[in-house]
Amino acid sequence: MAMLISFYFTIKKFATFVEILPAMKPVLLLIFIFTFYIYQGQNKNIIDPEKIENPIQKKYTGKIVFLNKAVALENLKDSDFLTSSVFQENGDLGIHAFFDNSLVNYLHQLEPNWTVDELLKKGNYQFSFYVDGKLIYKENLNTGAGTAENKKAKTTLRIPLLSNKNEDSWGRYLWIRFYMAHNGIDALTEGNHILKIEMRPYLNTSTIKTGPVIAEGQINLSIPSQNISEKQIAVQSIQPSSEWKVSQAKINTETIRNLNKKIAENRFKNITGIVIVKDGKLLLEEYFNGSGRDSLQDTRSVGKSFSSALMGISIKEGYLKSENQNLKEFYDLRQFKNHSSQKENVTIKSLLTMSSGFEGNDENSESAGNEENMYPTKNWVNFTLNLPMTENVTGKNWSYFTAGVVITGDILDKTVPQGLKNYADKKLFQPLGITNYKWQFTPQQKPSLAGGLRMKALDFAKFGQLYSNNGVWEGKTILSKDWVKKSFTNYFPDHQDFEGYGYLFWRKVYTVGNSSYEAFQSSGNGGNKIIIFTRIPVVMVITAQAYNKPYAHSQVEKMVQEYLLPALMMDSKNE
């Protein structure tokens, strides 16, 4: 259709040109001819797309159709397409999109002077998801999704959205981002809904340029009800024998019931525990999905914050002078690869704030120091100290660098009496009454402060409450108040990708209505959190097992912001 429209307007313009041709002066005529042909040249394809010969594709050009099975283009029939379906999260749902041109040619229409490589580097499809006529989520697909060859020539696209066989596809992650991370699950409540998807081309120039809709389609989805029992919804009672005093503070039980219902319905996924401490007393303690009070929770990188605490304790006790000490005070760095004065002057503080300047970034799979490159090696410390340095000034540029936290653990192990394992037990865990825990160990059988420390949810809450108490536990000072203050300082106020970072604690501001609540939190893969609010006397622990899922952290933040904080009925503004 779009090609016919373009052809129609081209013929119409040419006919108009022929009509006025005799009346034009020679100079104006030349300008007109030049402009006309330049315009037409800009609208030609930059690459020849595949021919549209399949009858189904011809019939559905400009459409998106839905299927519940994988069918190759040449085998598609009208009877394969769904107009309605019962939605099942563990079922199969996919789409076929039919275009009248290839993606790179659509992008060429947005920027006619760009090369094919430039277009592919900066552009892809934009997806818009609507539920019952309301836009729920819009995404400019990462330019790395899909192959260059398909983008140059293909005029049809099969995209699995749900697959019970876990078919590998960027489409499945696109669906997860819509469904779990951006409120699709809340829009698709029990009952009947219309799901509509639109596709457009987009280019990321100095701004985002989008073209017109190139394919669209919709399906009627029926969301079945779930048989959720009262026991699953009810607010769980705090059991006796707790080491905590039980709070008598008010809590909105209806809000907690609503949250429990969503956990039972698997609308918040893989949640194993929720603990809330208010004014130092236990206010809420709940467990889900087979977890319980005595379960040792695998909270992954939550354990990094324990390195920060142990560093503070060792400085308080004089085993380390300060966090401003340099690597050269602990290692002969000439024995390692890529020796430089910059590496020698890396500070403990820069390792605690993820700003050491090492060539290490866990968020970049191509980074030499990515944690996935470290784990298979025989010596994690040597791996890290052999890394080259970047041009970044130490202490200035943030990048998430797990291997750097391994170095903090090694420095502690070298410095404190009887090694890190005994020191942590004697100076941190025993004073907090924590007796049941498990470390992850390095290949040298040293405790890994990179993450993986397992303990009970209530014991993680003790760690959080220690910081809420400015380093004091049951009248004994374990951490200095000054260290807590330094740990809860945002050293990157101008960073655009997050709200701040301290000494191995993330800064996060939660908003409820017109009130904002600042927190510093330990955070680990799967959605695990120890959240310490800075201006209200509240500590929260959430444990979860949504490991490597794109919704892991966003769903927990939603739980805190839309359920747990409102349930506390706090009304003070904390900016």
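You'll find the structure just up there.
Residues numbered from 1 in each chain as written. Predicted model: local features only at pLDDT ≥ 70, side-chain atom pairs only at ≥ 80, totals over all residues. Heavy atoms only, no water.

S.K.: Before we move on, can you summarise the nonpolar core with the specific residues and values?
M.R.: Grouped together as the largest cluster of nonpolar side chains are 78 residues, with contacts concentrated most on L327, L428, F429 and Y467. Examining the composition of this core, we find that 7 residues originate from one element, helix 18 (residues 457-468), more than from any other. Those residues in contact with L327 that lie beyond four places of it in its chain are L333, K343, E344, V346, L351, F358, L385, I407 and I411. Counting residues in each nonpolar core, the second largest holds 48 residues, with L93, Y137, L174 and I176 among its members. (Core = buried A, V, L, I, M, F, W, Y, C linked by side-chain atoms within 4.5 Å. Buried < 20%, exposed > 50% of the residue type's maximum accessible area, 1.4 Å probe, protein only. Helix = DSSP H or I, 4+ residues; strand = E, 2+ residues; numbered from the N terminus. Contact = heavy atoms within 4.5 Å.)

S.K.: If you had to explain the pattern of salt bridges to someone new, which residues and values would you point to?
M.R.: Charged atoms that come close allow side chains of opposite charge to pair. Tallied over the full model, the rule gives 31 salt bridges. The residue R177 makes a salt bridge to E139 at a minimum N-O spacing of 2.7 Å. With R177 in helix 7 (residues 170-181) and E139 in strand 5 (residues 134-140), this residue pair connects regions lying 38 residues apart in the sequence. Exposure remark for E139: the relative accessible area of 9% places this residue in the buried category. The partner of K262 in a salt bridge is D186, with the nearest N and O atoms 2.7 Å apart. Highlighted residues: K262 in helix 10 (residues 253-264) and D186 in helix 8 (residues 184-187), separated in sequence by 76 residues. (Salt bridge = Lys/Arg side-chain N within 4 Å of Asp/Glu carboxyl O.)

S.K.: Got a sec to walk through the packing of aromatic side chains? Specific residues and values, please.
M.R.: Tallying each qualifying case throughout the model produces 39 aromatic pairs. On the numbers, 5.3 Å between centres and 10° between planes, the contact of Y491 with Y503 is stacked. Here Y491, found in the loop between helix 19 (481-487) and strand 17 (506-512), pairs with Y503, found in the loop between helix 19 and strand 17; they are 12 residues apart in sequence, far enough to count as distant. Since its relative accessible area comes to 1%, Y503 is described here as buried. Taking the centre distance of 5.8 Å and the plane angle of 80° together, the rings of F498 and W506 count as edge-to-face. Judged by relative accessible area, F498 falls into the buried class, the value being 14%. One aromatic cluster is present, formed by F306, F429, Y437, W439, F460, F463, Y467, F488, F505 and F520 through successive ring pairs. For K196, the ring lying beneath its charged end belongs to Y130, and the centroid distance is 5.8 Å. K508 extends its terminal NZ or CZ atom over the ring of Y510, reaching a point 5.7 Å from the ring centre. (Phe/Tyr/Trp six-rings, centres within 6.5 Å; stacked < 30°, edge-to-face > 60°. Lys NZ or Arg CZ within 6 Å of the ring centre and 35° of its normal.)

S.K.: Account for the pairing of strand 18 (residues 515-524), with residues named and values stated.
M.R.: Taken across its 10 residues, strand 18 has 10 buried, putting it largely inside the fold. Residues S515, Y517, A519, Q521 and S523 of strand 18 are buried on one face, and the alternating residues S516, E518, F520, S522 and G524, pointing to the opposite face, are buried as well. Hairpin connection, strand 17 to strand 18: the antiparallel pair is bridged by 2 residues, and G513 has positive phi, about 60°. Between the end of strand 18 and the start of strand 19 (residues 528-533), which pair antiparallel, lie 3 residues, with G526 showing a positive phi angle near 100°. (Pairing = 2+ DSSP bridges.)

S.K.: I'd love a proper account of unusual backbone geometry, names of residues and values included.
M.R.: Positive phi values are uncommon outside glycine, yet D279 reaches one of about 55°. Its location among the elements puts D279 in the loop between strand 10 (271-278) and strand 11 (281-287). Taking the relative accessible area as the measure of exposure, D279 reaches 52% and is therefore exposed. In this structure, Q445 is a non-glycine residue whose phi angle is positive, near 60°.

S.K.: Help me get a handle on the sheet that holds strand 18, residues and values and all.
M.R.: Strand order in the open sheet formed by 6 strands is 11-10-20-19-18-17, with antiparallel pairing between adjacent strands. Edge strands, defined here as strands with exactly one partner in the open sheet, are strand 11 and strand 17. Averaged over all pairs of adjacent strands, the angle between their axes in this sheet comes to 20°, without regard to strand direction. (Axes fitted to C-alpha atoms, helices over the stretch in contact; angles between N-to-C directions.)

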